[in-house]
Amino acid sequence: AVVSTQSTGKQIMLVPIAFTSDHIETLYEMDVEYVEEMETELPGSTILRCGSLNDHPLFIECISQLVAEHLSGPGKTIPQMGLRCPMCTNPTCGPMRGFFASRSLPEGILPQQEGDVQEEKCENSEKSEETYG
């Protein structure tokens, strides 16, 4: 997004809308590589990147609510979990995706009421591999 134009150049703000946290693509590719390339193409410009959401409290609260809603819903996973990449040749990809797509949450994993925290207990540590997949 171009913020403003001055006689000495443009002020440009990069907004990486697909990324919610800082990582190699935002920290290096955008902050270093893209800025160098844009400075060559647009000399005299000011180029900045807006900050990522990272651990902002409002973002954490939003993600927490989405996860809680999903976990308390009827679905096990999203339908895409079972899909494989086109032309995938990884022999472990299909079985792994099938495993996660078939999983359901154990009973009682979510608190029954808001603020009700349940202790984690292992009621039977000798359950078979078939029980947990």
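To start, this report covers the structure provided alongside it. Here the structure is a predicted model, which is why all the values come from computation and not from measurement. (Residues numbered from 1 in each chain as written. Predicted model: local features only at pLDDT ≥ 70, side-chain atom pairs only at ≥ 80, totals over all residues. Heavy atoms only, no water.)

Take the overall build of the protein next. Along the backbone of the protein there are 4 helices and 3 strands. Ordered by position from N to C terminus, the α and β elements of the protein give β-β-α-β-α-α-α. Across the 133 residues of the protein, 10% fall into the buried class. Restricting to contacts in the protein with at least 6 residues of sequence separation, those with at least 24 account for 52%. Carbon and sulfur atoms make up 57% of the accessible area of the protein, which amounts to about 10,900 Å² in all. (Helix = DSSP H or I, 4+ residues; strand = E, 2+ residues; numbered from the N terminus. Buried < 20%, exposed > 50% of the residue type's maximum accessible area, 1.4 Å probe, protein only. Contact = heavy atoms within 4.5 Å. Areas by Shrake-Rupley, 256 points an atom, 1.4 Å probe, with all protein chains shown as cover.)

This brings us to the nonpolar core. I12, L14, M30, V35 and I47 form the largest nonpolar core, which has 5 residues in total. Elements supplying a minimum of two residues to this core: β2 (9-14) and α1 (24-41). If sequence neighbours within four positions are ignored, M30 has contacts with L14, P16, E25, V35 and R49. (Core = buried A, V, L, I, M, F, W, Y, C linked by side-chain atoms within 4.5 Å.)

Let's shift gears to α1. Since one α-helical turn is 3.6 residues long, residues separated by three or four positions face the same way. The sharpest bend along α1 comes to roughly 35°, located at M30. Listed as buried for α1 are T26, M30 and V35. (Bend = angle between axes of the 7 residues up to and from the residue.)

Inspection of every chain in the model, using the stated rule, returns 2 salt bridges. For D22, the salt bridge goes to R49, with nearest N and O atoms at 3.3 Å. A residue pair is termed long-range when its members are at least 10 positions apart, and D22 in the loop between β2 and α1 and R49 in strand β3 (residues 46-49) qualify at 27 residues. On the basis of relative accessibility, which here comes to 32%, the residue D22 falls in the partly exposed class. A salt bridge links D31 to R49, with the nearest nitrogen and oxygen atoms 2.7 Å apart. A residue pair is termed long-range when its members are at least 10 positions apart, and D31 in helix α1 and R49 in strand β3 qualify at 18 residues. One salt-bridge network, in which partners are shared between bridges, spans D22, D31 and R49. (Salt bridge = Lys/Arg side-chain N within 4 Å of Asp/Glu carboxyl O.)

The two faces of β3 differ: I47 and R49 on one face are buried, but T46 and L48 on the other face are not. With 4 bridges joining them, β2 and β3 adopt parallel strand pairing. Pairing of Q11 across the sheet is with T46, part of β3. A crossover links β2 with its parallel partner β3, the connecting element being α1, and its sense is right-handed. (Pairing = 2+ DSSP bridges. Right-handed = clockwise from strand over helix to strand, strands pointing away.)

With that settled, the discussion passes to the environment of S21. Here S21 is to be found in the loop between β2 and α1. Sequence separation of S21 and L53 is 32 residues, and the distance between their C-alpha atoms is 5.7 Å. Other than its neighbours up to four places away in sequence, S21 contacts T26, S52 and N54.

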